[in-house]
Amino acid sequence: MARTMRPARGLAAAALVFAVAAASAAEPAHPWVTLPAPLPQPQTYFTNLKDGDRIETPFVLKFGLSRSGLAAITKDVRDTGHHHLLVNRELPLDFTQPLPFNDQYRHFGKGQMEAVLDFKPGTYTLRLLLADHRHIPFFIYSKPMTVTVTAKNDKLDVKTLVKPGIELLSPRQGEALSVPFRVQFHASGLNVSHTDIADAGVGHFRLVAQTKGGAVERIAFANGATEGWLKPPPGDYTLKLELVSNAPGGAVMASGAPVAVKVLAR
């Protein structure tokens, strides 16, 4: 998380910030938004690859982020950052210096949630690290992950791998859920940012929850969050994810497939 995650401020301040971060300063947090107990550490992670996996490239690697938000690097936005993919590199020794730009430090300063890996066959260690608009890292990072590339298809057009769209990664269709439960989002070929980045090229997630009786709740993750924790009343719900433009007017840029779930009584 941005400046609240520096050692001088501490994790307690970061937790307080994120507890209300699903809405902008002008809009109160939705009453369903909460945090789990015990409180997890802020972290980045990979959503479609795990340690020890064997893959062929090109491969679309997807990023996740807990207890923080994304923002494009066009300006300083409090409590946000952007992803960096470290390839065969340890975490930096000095967290006060900006990350370099090279093949071992891949930057995603537009608010991207994925990268197309183009590695040759071999073994690679990968790690995600969040940094601010100046590319100065926060203490928010993933565990190192080692993967083996078994083959590279040079004839495959990488543009065919990325189709713009969004997806509700969790919960899954038909799940029965106890509260609080985590919702996780992904955007492919589209960029995610805090609403302070009022640009037509970026958007923020909004989750639309409809009850069996027809009532609708809209939960905006205006801080650029790509996941959250919810505690809705028990019942049957249809969840639909939207990516809403940060430009004036707030047009819907993309919609995900609806997911039906049941929230259990405690």
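Participant: So, the overall build of the protein chain: which residues are in play, and what are the values?
Facilitator: For the protein chain, the count of helices and strands is 1 helix and 21 strands. Here the protein chain holds 266 residues, and the buried ones make up 51% of them. Residue pairs in contact within the protein chain that sit at least 24 positions apart in sequence constitute 69% of those at least 6 positions apart. Looking at the protein chain as shown, the accessible area adds up to about 12,500 Å², and 54% of this sits on carbon and sulfur atoms.

Participant: Just give me the short version of the nonpolar core, but keep the residues and values in it.
Facilitator: Formed by 33 residues in total, the largest nonpolar core has its most connected members in Ile166, Phe205, Leu207, Phe221 and Leu230. Secondary-structure elements contributing two or more residues to this core are strand 10 (137-141), strand 12 (165-170), strand 14 (181-188), strand 16 (202-211), strand 17 (216-221), strand 19 (235-245) and strand 21 (259-263). With sequence-adjacent residues up to four places away left out, leucine 207 is seen in contact with Leu168, Val183, Glu217, Arg218, Ile219, Phe221, Leu230, Leu239, Lys240 and Leu241. If you look at the next biggest cluster of nonpolar residues, it comprises 18 residues, including Leu49, Phe59, Leu61 and Leu128.

Participant: Outline the sheet that holds strand 18 (residues 227-230), listing residues and values.
Facilitator: Pairing between the strands of a sheet is mediated by backbone hydrogen bonds and can be parallel or antiparallel. If you walk across this open sheet you meet the 4 strands as 1-18-14-12, and the pairing is antiparallel. What marks the edges here is a single partner per strand, and that holds for strand 1 (33-34) and strand 12. Taken together, the 2 bridges between strand 1 and strand 18 define a ladder with antiparallel strand orientation. Bridge pairing links valine 33 to leucine 230 in strand 18.

Participant: Tell me about the packing of aromatic side chains, and name the residues and values.
Facilitator: Scanning the model with the defined rule gives 6 aromatic pairs in all. Taken together, Phe185, Phe205 and Phe221 form an aromatic cluster joined through their ring pairs.

Participant: Describe the layout of surface pockets, listing the residues and the values that go with them.
Facilitator: Computed from the structure, the second largest pocket encloses a volume of approximately 200 Å³. Around the second largest pocket, the lining residues are Val60, Phe108, Gln112, Met113, Glu114, Ala115, Val116, Val162, Ala187, Gly189, Leu190 and Asn191. With 3 residues, the top contributor of residues to the lining of the second largest pocket is strand 8 (residues 114-117). The class makeup of the residues in the lining of the second largest pocket is 8 nonpolar, 3 polar and 1 charged.

Participant: Give a description of the confidence of the model for the protein chain that names residues and reports values.
Facilitator: Interpreting fine coordinate detail is not advised for predicted regions of low pLDDT. Residues with a pLDDT of 70 or more make up 89% of the protein chain, whose mean pLDDT is 90. Here residues 1-26 is modelled with pLDDT under 50, and outside its nearest four sequence neighbours on either side it reaches 68 contacts, counting other chains as well.

Participant: Account for unusual backbone geometry, naming residues and giving values.
Facilitator: For the bond running from serine 170 to proline 171, omega is 5°, close enough to zero to count as cis. By secondary structure assignment, the location of proline 171 is in the loop between strand 12 and strand 13 (176-177). Residue proline 180 follows valine 179 across a cis peptide bond; omega there is -5°. Looking at where proline 180 falls in the secondary structure, it is placed in the loop between strand 13 and strand 14. Phi is positive for arginine 67, close to 55°, though the residue is something other than glycine. In this fold, arginine 67 is placed in the loop between strand 4 (59-66) and strand 5 (69-70). Located in the positive-phi region is histidine 135, a residue other than glycine, with phi close to 70°.

Participant: Describe in detail the side chain of glutamate 242, supporting the description with residues and values.
Facilitator: Residue placement: glutamate 242 occurs in strand 19. Here glutamate 242 falls in the buried class, since its relative accessible area comes to 12%. Only 2.7 Å separates the side chain of glutamate 242 from the side chain of arginine 206, close enough to count as a polar contact. Discounting chain neighbours no more than four positions away, the residues touching glutamate 242 are Ile166, His204, Phe205, Arg206, Val208, Val252, Ala254 and Ser255.

Participant: Can you tell me about the sheet that holds strand 2 (residues 43-46), naming the residues and giving the values?
Facilitator: The sheet built from 3 strands is open, its strands ordered 2-4-8 with antiparallel pairing. The open sheet has two edge strands, strand 2 and strand 8, and neither has a second partner. When the angles between neighbouring strand axes are averaged without regard to direction, this sheet yields 25°. Pairing between strand 4 and strand 8: 4 bridges, direction antiparallel. Following the sheet pairing, phenylalanine 59 is matched in strand 8 by leucine 117.

Participant: Please set out the pattern of salt bridges residue by residue, giving values where relevant.
Facilitator: Side chains carrying opposite charge are able to pair once their charged atoms draw close together. Summed over all chains, the structure comprises 10 salt bridges. The closest approach of N and O atoms between glutamate 167 and lysine 62, which form a salt bridge, is 3.9 Å. Here lysine 62 lies in strand 4 and glutamate 167 lies in strand 12, a separation of 105 residues in the sequence. Glutamate 167 sits in the partly exposed class, given a relative accessible area of 29%. When its relative accessible area of 21% is taken as the criterion, lysine 62 is described as partly exposed. Each of Lys62, Glu167 and Arg172 takes part in one network of salt bridges that share partners.

About the cut-offs
Residues numbered from 1 in each chain as written. Predicted model: local features only at pLDDT ≥ 70, side-chain atom pairs only at ≥ 80, totals over all residues. Heavy atoms only, no water. Helix = DSSP H or I, 4+ residues; strand = E, 2+ residues; numbered from the N terminus. Buried < 20%, exposed > 50% of the residue type's maximum accessible area, 1.4 Å probe, protein only. Contact = heavy atoms within 4.5 Å. Areas by Shrake-Rupley, 256 points an atom, 1.4 Å probe, with all protein chains shown as cover. Core = buried A, V, L, I, M, F, W, Y, C linked by side-chain atoms within 4.5 Å. Pairing = 2+ DSSP bridges. Phe/Tyr/Trp six-rings, centres within 6.5 Å; stacked < 30°, edge-to-face > 60°. 1 Å grid on protein atoms, 1.4 Å probe; cavity = no way out; pocket = protein on both sides within 12 Å on 5 of 7 lines; lining within 4 Å. Points joined across faces, edges and corners; volume = space filled by probe spheres on them. Nonpolar A, V, L, I, M, F, W, Y, C, P; charged D, E, K, R; others polar. pLDDT = per-residue confidence, 0-100. Polar contact = N/O pair within 3.5 Å; in protein donor to acceptor, adjacent residues only side chain to side chain. Axes fitted to C-alpha atoms, helices over the stretch in contact; angles between N-to-C directions. Salt bridge = Lys/Arg side-chain N within 4 Å of Asp/Glu carboxyl O.

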